[in-house]
Each structure stands twice: as C-alpha cells, then as structure tokens.
Amino acid sequence: QVQLVESGGGLVQPGGSLRLSCEVAGITFSRYAMSWYRQAPGKERELVAVITSAGGSTNYADSVKGRFTISRDNAKNTAYMQMNSLKPEDTAVYYCKARYGWIAYWGQGTQVTVSS
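Residues numbered from 1 in each chain as written. Predicted model: local features only at pLDDT ≥ 70, side-chain atom pairs only at ≥ 80, totals over all residues. Heavy atoms only, no water.

Student: Before we go on, may I ask you to explain the state of the cysteines in this structure?
Tutor: What makes a disulfide is a covalent bond joining the sulfur atoms belonging to two cysteines. Evaluated as defined, the whole model comprises one disulfide. Note that C22 is cross-linked by a disulfide to C96, the S-S spacing being 2.0 Å. In this structure, the disulfide formed by C22 and C96 twists by about 55° around the S-S bond and is classed as right-handed. With C22 in strand 3 (residues 18-25) and C96 in strand 9 (residues 92-100), this pair connects stretches of sequence that are 74 residues apart. Overall, the relative accessible area of 0% leaves C22 in the buried class. (Disulfide = S-S within 2.5 Å. Helix = DSSP H or I, 4+ residues; strand = E, 2+ residues; numbered from the N terminus. Buried < 20%, exposed > 50% of the residue type's maximum accessible area, 1.4 Å probe, protein only.)

Here's what the structure looks like:
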C-alpha cells in the first residue's frame, strides 16, 4: 500500500518560515521524482517545486524562487520543502507527489496559512 503523508503545515505570520515533510511508504522512493503542489481556495492546483530522484536537480515556480527549497533524504524516504519569507499569497493546501514515468501518487495535503 502506497502512502504519502505530509506534515509541517500550520499558521504562520508573514515573513515567517515553515518546513513541510512528505514521508513515503510502499514504493522504491529513490526511483521517484518528488514534487510539491499547492491549491488555494478557488484556484487550480499549481506546481511549486520538483526534485529529481537522486536529488541532483530542482526546479521552482517563479513565485517561490529564492524563498522555498525542496530537498529529499532517500535514506529516510522523505521529501521536504523549506519555506521562508512566507507571504499571505502562499496560503494554500500543499500536496506532495511522487512520480515515476506515468505512475504518480499523491498525499492528502497539509494546510499552510500565512496571516497576521
């Protein structure tokens, strides 16, 4: 049974930081590219960041470049996203996704709210 479990979301003030984690079970984690998406109320789900299976390459949405950092620990079957300098417009449900070719699995999401 494949499981992706996100954690680390919460309420933070503008300018603050959060670190999201995505713990994965049931697949060979090191084969899968990992990505983070987010979906704000009334908006479509958007890609935020992606990291290759070995962690050698990353890519980010323009809106988070320089503020967010995606990483992974293949020994712990876990992907992370460090989010700094958070803005109210970063408020959304954040989802992680594992992808290998045409196979993809999603987590259940974690809420991030940036508000004073």
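Student: Would you explain the side chain of R72 in this entry?
Tutor: With respect to the helices and strands, the residue R72 is situated in strand 7 (residues 68-73). Despite its burial, R72 pairs with no opposite charge, the nearest such side chain being D73 at 8.2 Å. Separated by 2.7 Å, the side chain of R72 and the backbone oxygen of Y32 make a polar contact. Reaching out from R72, the side chain makes a polar contact with the side chain of N74 at a distance of 2.7 Å. Once residues lying within four places of it in the same chain are set aside, the contact partners of R72 are F29, S30, Y32, A33, M34, I51, T52, S53, G55, T78, A79 and Y80. (Lys, Arg positive; Asp, Glu negative; His and termini not counted. Salt bridge = Lys/Arg side-chain N within 4 Å of Asp/Glu carboxyl O. Polar contact = N/O pair within 3.5 Å; in protein donor to acceptor, adjacent residues only side chain to side chain. Contact = heavy atoms within 4.5 Å.)

Student: Would you take a moment to explain the sheet that holds strand 8 (residues 78-83) for this structure?
Tutor: Picture the strands of a sheet paired through backbone hydrogen bonds; they go either parallel or antiparallel. One open sheet holds the four strands; their spatial order is 1-3-8-7, and the pairing between them is antiparallel. Looking at strand neighbours, the two that pair on one side only are strand 1 (3-7) and strand 7, the edges of this open sheet. Neighbour-to-neighbour, the strand axes of this sheet turn through a mean angle of 15°, independent of strand direction. Where strand 3 and strand 8 come together, six bridges link them in antiparallel fashion. For S21, the partnering residue across the bridge sits in strand 8 and is Y80. (Pairing = 2+ DSSP bridges. Axes fitted to C-alpha atoms, helices over the stretch in contact; angles between N-to-C directions.)

Student: Before we go on, may I ask you to explain the packing of aromatic side chains in this structure?
Tutor: Geometry of an aromatic ring pair is reported as the spacing of the ring centres plus the angle between the planes. Following the criterion strictly, the structure yields four aromatic pairs and no others. Geometrically, the ring pair formed by Y32 and Y100 is tilted, given 5.5 Å between the ring centres and 45° between the ring planes. Of the two residues, Y32 is situated in the loop between strand 3 and strand 4 (33-39) and Y100 in strand 9; the sequence distance between them amounts to 68 residues. For Y100, a relative accessible area of 42% puts it in the partly exposed group. With 6.5 Å between their ring centres and 80° between their planes, Y95 and W106 make a pair best called edge-to-face. (Phe/Tyr/Trp six-rings, centres within 6.5 Å; stacked < 30°, edge-to-face > 60°.)

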